[in-house]
Amino acid sequence: MATGVQDVLGSPVKRVEDPRFITGKGRYLDDIKLTGMVHLAILRSPYAHANIRSVDASKAKAMPGVLAVIVGADIPWNPLPMAWPAGGSTVKNNVSTPRILATDSVKWTGEGVAAVVAETPEQAIDALEAIDVDYEPLAAVVDAEKATQPGAVQLHDNAPNNVVFDWTVGDKAGTEKAIAEAEVVVRQRLVNHRLIPNPMEVRGDIGLYNPGTDEYTVWMSSQTPHIQRLLLAAFVTGIPEHKIRCISPDVGGAFGTKIFCYADMALVMWASKLVGGRPVKWVESRRESYGSTIHGRDHITYVEIAGKRDGEVTGVKVKTFANLGGRLSTIGPGVPTTLYGRVLSGCYKIPNVYAEVTGVYTNTTFVDAYRGAGRPEATYVIERAMDLFANEIGMDRAAVRRKNFIPPDAFPYDNPSGLGIAVNGEKIYVDSGNYEPALNKALIAAGYDDLAKLKAEAKTRGKLLGMGLSTYIEVCGVAPSKWIGAVGEGWGAAMWESSNIKVHLTGKVIVTMGTQPQGQGHETTYSQIIAHELGIPMDDIIVQHSDTQGTPFGYGSYGSRTASVGSTAAIKAADKIKDKARRYAAHMLEASPDDIEVIGAEYRVKGSPEKKKTLQEIAFALDLGFSLPGDMEPYLDETAYYDTPNCTWPFGTHIAIVEIDEETGETELTRYIAVDDVGKKINPMIVDGQLHGGIAQGIGQALWETAVYGDDGQLLSGSMMDYALPRASWLPNFELDETITPSPVNPLGVKGVGEAGAIASTAAVANAVNDALGPLGIRHTDMPFTAQTVWRAIQSAKGARA
Amino acid sequence: MVEHIALVVNGQPREGDVEPRRMLVQFLREDLELTGTHVGCDTSQCGACTVTIDGKAVKSCTMLAVQADGANVKTIEGMQAADGSLHALQEGFWAKHGLQCGFCTPGMIMAASDLLARNTDPTDEEIRHAIEGNICRCTGYHNIVAAIREAASTMRAGATAPTTVTA
C-alpha cells in the first residue's frame, strides 16, 4: 500500500468496538428503554409432559398493572418453522415445532403456556402466579435411545417411536464388508452428553407495533435478524416481510443459541399490537433460559472402527441417536445429519464410512446448533475411535493418525461419507490440507516423546498423567448455496453474504454488512479489510450491521462463515467501488480508464504519477455529480453479494495433558497445546481469542458441564448453581501455535475460526483422561470427567482386579 | 411501600425511592440508568453485576438497594478519570483483547479493581482466583488474565498513558 497509510490487514490492531464495552456503554437488548414500554413475562410448564385441560387467566387479568393475559388459543399464527430437515429424497421428517404458546399439551419443562403484559416486569411476573393451568401430567422420557424402544412414552402422534427421522450416509454394504474382513474391529458406545450453551447475555426481544403504518419493529438478541424477519413474516405470522423490521443491538455472546426463530419473537409482536402499540419487552431469566433457549449435543453413538494391524483404518460404521428435544428448533435435524454424518471420517483417508442417525423426540428442551454443531460430535467419535483402535493394535496413537491422514497431494479430496455430492457436475471437496506439520509441532510442544517419563514422575506424586491428541478437521464457512440446495438439505435457503460500501462526499466510508457479530470483532476486521482494499485509514471507516433496515439482506453469523463469506462480499463491493472510482478518475484526468493505476487511495495516470486523484477527491466530485461521463450514475455506492464455491477446511492438532488424583478422582488440566491451521489471519489477536474461547468451551464439556434430567423430565442442572461453567481458576493458560495453509476459495486465504477450538478440544481432553486411566485397565469412560465419574471408574477397575 | 435511600454512586450523591425488594443492580440499571452493570444470571453465580462498595467487589444482584443506603458505590461508568482517560484496567482489557462480547467485562473489571487494590503484583494464579466469581464465556480467561497482569504492571509503574475516548 502506498500513500503513507499503514496497511493494517493481518495486524493485531486493537478492536474498534472495545471503547464502548470497557466503559459500560455497550447497548444490549435489556439496556434499551423505549417511551411507554411495558413488560411481558411467560408462564412456563412445570411438567415435562402433560396435556393442558384448561387455562384460567381471570385472576391474573385483575392483578395490579396487568394490561393483558395471553394464552395459546388467542394467537392464530403458525407454529415455528423447521428450516433444515434431515436431507435426502427418501428421508421422512416427522415434524412438530413449538407454537407461540402451547395450546393442547406441553413436551418439556419450560415450554411457554401463557403470557402476561404489565406495566413493570415485577407486576408481570407476579401475575403469572395467578394464572391457573389445569394440567394432566403424563409420563416422560428423556433418553434418546430409550425413547425409540417399544413401549416408550410417545410424544407426538405423527412420530411413531418418537422418531423424527432415520437418515443414513455412506456405503453400507462396502463398510460392512470392510468390517467383516478386517484384522481388527473395535466397538464402543460413546455418550456425547447434553450441554447448555450459556452466552452471558440471555435472550430477549422488544416488539413495537406502529398502528399508523401497520408495521412492526422487533429488537432481538439474535445472530440472524434478516433470517428472523423472513421466518416471522413468511412462516409464522403471515405479516408481509416489508412490514417487519428486525434489529439486533449489541449481542452478549450467542454460540449458536441466537441463530433461531423463537416463539417469544412473535409473542412480543402480538403483545405490542394487543396493547395498542406500546413497546413490549421480554427478557428471559437465566433459569428460564435453561428451558426456553436451545441446548446442544446429546448423542448416543455406537461406533465400529476396522483396520489392519499395521495401523491402516479400513472402515468406520456409526449408529447415532440424536436427542432433539420435545419439539424441533429451527435447524435441529440439520445438525446431526449434514453437519455430523458427512464429516465423520475427519482428516483420515478411510475408504469405507457409513452412518445411521436417528433423530429423536424426548421430553427435554429442544436441541440445535451449539458452537461447532455436529462437528464436535463427529470429531469426538472419530478421535476416540482412533485412540481405541491404536490401543487395540498396540500402536502409537500419533503414528496411527499419521498413517491414515489424507496426504497433502490427495487434495482436493472426495470424502466417502457424502460431502462430495455432485452438483450439476461439480462436487464439494475437502479442498486443502497438510496435517502432519501441525501434528509434529504439537507433539514437540507437548513433549510427547517424554510421555513415559512424565507419567512416571506424576505417579510419584500420586497422580495419573494422561496426554490426549485430537487431530481435527472442520468444515465451515457454510457456504455454497448450490450444495445446501442440491442435497435437499433445506427449504431453499441460500448461504451467500452481502456488503454495501458508500464513500460519502467527505471521503468517509460506511460499510454495511449482512453478517451479525456477537463478540467476534466484526467492526474491526471488516475495517481492516476495507482500509486495505481502499487504501484509507481505519478511522475513516465505520462498519454497520444488525438492522434489516439499512443493511443488505444477509444470512448472519454462525458456522464460522463471516471471515470467508462475509469478507469476500466486502472485498467484492470494494472492487466495484475501485472500478467506478477508476473510471471516474479517468474522466477527471482526461485519460483512458485502462491507463489509470490504483495505488492505495490514489488513482494515477500510468507514466505520469503527478496526474492523480485521491479516492476522497473522486468521491467528492462523483457525489456532487456536476460532471458525469456518459451514462455513469452519481455517487460512490456499491453493493455486492457473494456465494462462495466451497466451504473452508480448518484443521490442526490439539493436545491436552491432565493429571488425575488416584485417590479422589479429581482431574486437573495442566497444559493445553493447540496448533491450528485456520489459513491466513485478518487480525491474529482476534483469531487467537476465538480459539481460546472455543477451547475453553470444549474443555468445559469434557470436564465439568452437563445438562442432567431426572427420569421425570425435570432439569436437575437447572441453574448456574448446578450447571458447572468453567471458571478462571479451573483452566490453564493455553499454548497456541499455527501452521498456515491458505484456503484456495477466497481472496484472503482465510478459513473460519469461531468453532475450531470447541471442535477439537473436547476430544483432546477425553483422550487425555482415558490415556491416564488406561494403565488401570480402563478402556473407555464417558464424559464429563467429574471427580465422581473418574473416582467410580478407578474404583470399578480396582474392584475388578481385586 | 417504598423506602427512601441516599448513597454516593461514582462520586455523585444520588437518592431514590425504592421498593424493599428492589435489588441494587435494578436500582443502578433502571433508576439511575447506569446500564454498564449487567445481569447474567439469577443465582449470583456469574458476576456480570459486580460493582465496588467502599472499594470491595460486590455482586449487586445479591444486595438490596435499601442495604446500599449510605454506601459509596462505584460502577464501570465511574472507572474513567474526570478527564475521560481510561483506567489502567480498561486499557489493559483493550490492549490484551480481554473481551469479546463485552457482557462480562464491566463486572470483570470491577472485580479486578478490588484485587489490584489489595495486591499490586498478583501472580496468574492469584488473578484467576480473584475473578473466580465472574464467568466469561467468550475468552477462556486467557486474555483476561493477561489484561489484569498488564494493568497491574501499568499501575505499579504509576505511568498511566491515558487515551481519551468519547464512546
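Residues numbered from 1 in each chain as written. Chains lettered and ligands numbered in written order. Predicted model: local features only at pLDDT ≥ 70, side-chain atom pairs only at ≥ 80, totals over all residues.

### Let's talk about the pairing of strand β26 (residues 651-661) of chain A
Residue and element names in this part refer to chain A. Most of β26 is tucked away: ten of the eleven residues are buried. Strand direction decides the pairing type here: β26 and strand β27 (residues 667-677), joined by ten bridges, are antiparallel. Bridge pairing links I660 to T667 in β27. Hairpin remark: β26 followed by β27, antiparallel, with five residues in the connecting loop; positive phi at G665, about 80 degrees. (Buried ≥ 20, exposed ≤ 12 C-beta atoms within 10 Å, placed from the backbone. Helix = DSSP H or I, 4+ residues; strand = E, 2+ residues; numbered from the N terminus. Pairing = 2+ DSSP bridges.)

### With respect to the nonpolar core
Counting residues in each nonpolar core, the largest one holds 310 residues, and the members touching the most others are L40, A114, A115, V116, I530 and V765 of chain A together with A112 of chain B. A total of twelve residues in this core trace back to one element, the largest contributor, which is helix α18 (residues 756-773) of chain A. Once residues lying within four places of it in the same chain are set aside, the contact partners of A112 of chain B are L89, A130, I131, I148 and A151 of chain B. (Core = buried A, V, L, I, M, F, W, Y, C linked by C-beta atoms within 7 Å. Contact = placed C-beta atoms within 7 Å.)

### Focus on the domain arrangement of chain B
Residues and elements named next belong to chain B. Splitting chain B by domain gives domain 1 (3-78) and domain 2 (88-157). Between the C-alpha centres of domain 1 and domain 2 the distance comes to 21 Å. Sorting the residues of the side of domain 1 that touches domain 2 by element identifies β3 (50-53) and β4 (56-59) as the ones contributing at least two each. Taken together, the residues of the side of domain 1 that touches domain 2 break down into six nonpolar, nine polar and one charged. (Domains from an automatic or database assignment. Nonpolar A, V, L, I, M, F, W, Y, C, P; charged D, E, K, R; others polar.)

### Overview of helix α10 (residues 397-404) of chain A
Along α10 of chain A, the positions that sit buried rather than exposed are R397, A398, V400, R401 and N404 of chain A. Along α10 of chain A, the residues classed as buried sweep out an arc of 160 degrees about the axis, all on the same side. (Arc of directions from axis to C-beta.)

### Description of the domain arrangement of chain A
All names here are of chain A. You can read the domains of chain A as domain 1 (18-25 + 496-642), domain 2 (32-138 + 200-254 + 258-292) and domain 3 (296-480 + 646-801). Here the C-alpha centre of domain 2 lies 39 Å away from the C-alpha centre of domain 1. Each partner contributes residues to the interface: domain 1 has 14 residues there, and domain 2 has 15 residues. Looking at the side of domain 1 that touches domain 2 residue by residue, the class counts come to three nonpolar, ten polar and one charged.

### A closer look at helix α6 (residues 225-237) of chain A
Residues and elements named next belong to chain A. Given a rise of 1.5 Å per residue, 13 residues ought to cover 18 Å, yet the end C-alpha atoms of α6 are separated by just 16 Å, more than 12% below that figure. The axis of α6 is deflected most strongly, by about 30 degrees, at L231. The complete set of buried residues in α6 reads P225, H226, I227, Q228, R229, L230, L231, L232, V236 and T237. The inward-facing, buried residues of α6 contact β10 (215-220), β11 (244-247) and α7 (263-274). (Expected span 1.5 Å × (residues − 1). Bend = angle between axes of the 7 residues up to and from the residue.)

### A word on unusual backbone geometry
When glycine is set aside, most residues are seen to have a negative phi, and most peptide bonds are trans. Residue and element names in this part refer to chain A. Here F411 and P412 are connected by a cis peptide whose omega angle stands at 0 degrees. Here the residue pair M783 and P784 is connected by a cis peptide bond, since its omega of -10 degrees sits within 30 degrees of zero. Despite not being glycine, D214 shows a phi value in the positive range, around 65 degrees. Note on placement: D214 falls in the loop between β9 (204-210) and β10. Overall, the presence of 11 C-beta atoms within 10 Å leaves D214 in the exposed class.

### A word on the interface of chain A and chain B
The interface of chain A with chain B comprises 43 residues on the first partner and 43 residues on the second. Those elements that place two or more of their residues in the side of chain A that touches chain B are α1 (18-22), α8 (286-292) and α17 (684-703) of chain A. A per-element tally of the side of chain A that touches chain B places α17 of chain A first, with seven residues. Counted by class, the side of chain A that touches chain B contains 17 nonpolar, 16 polar and ten charged residues.

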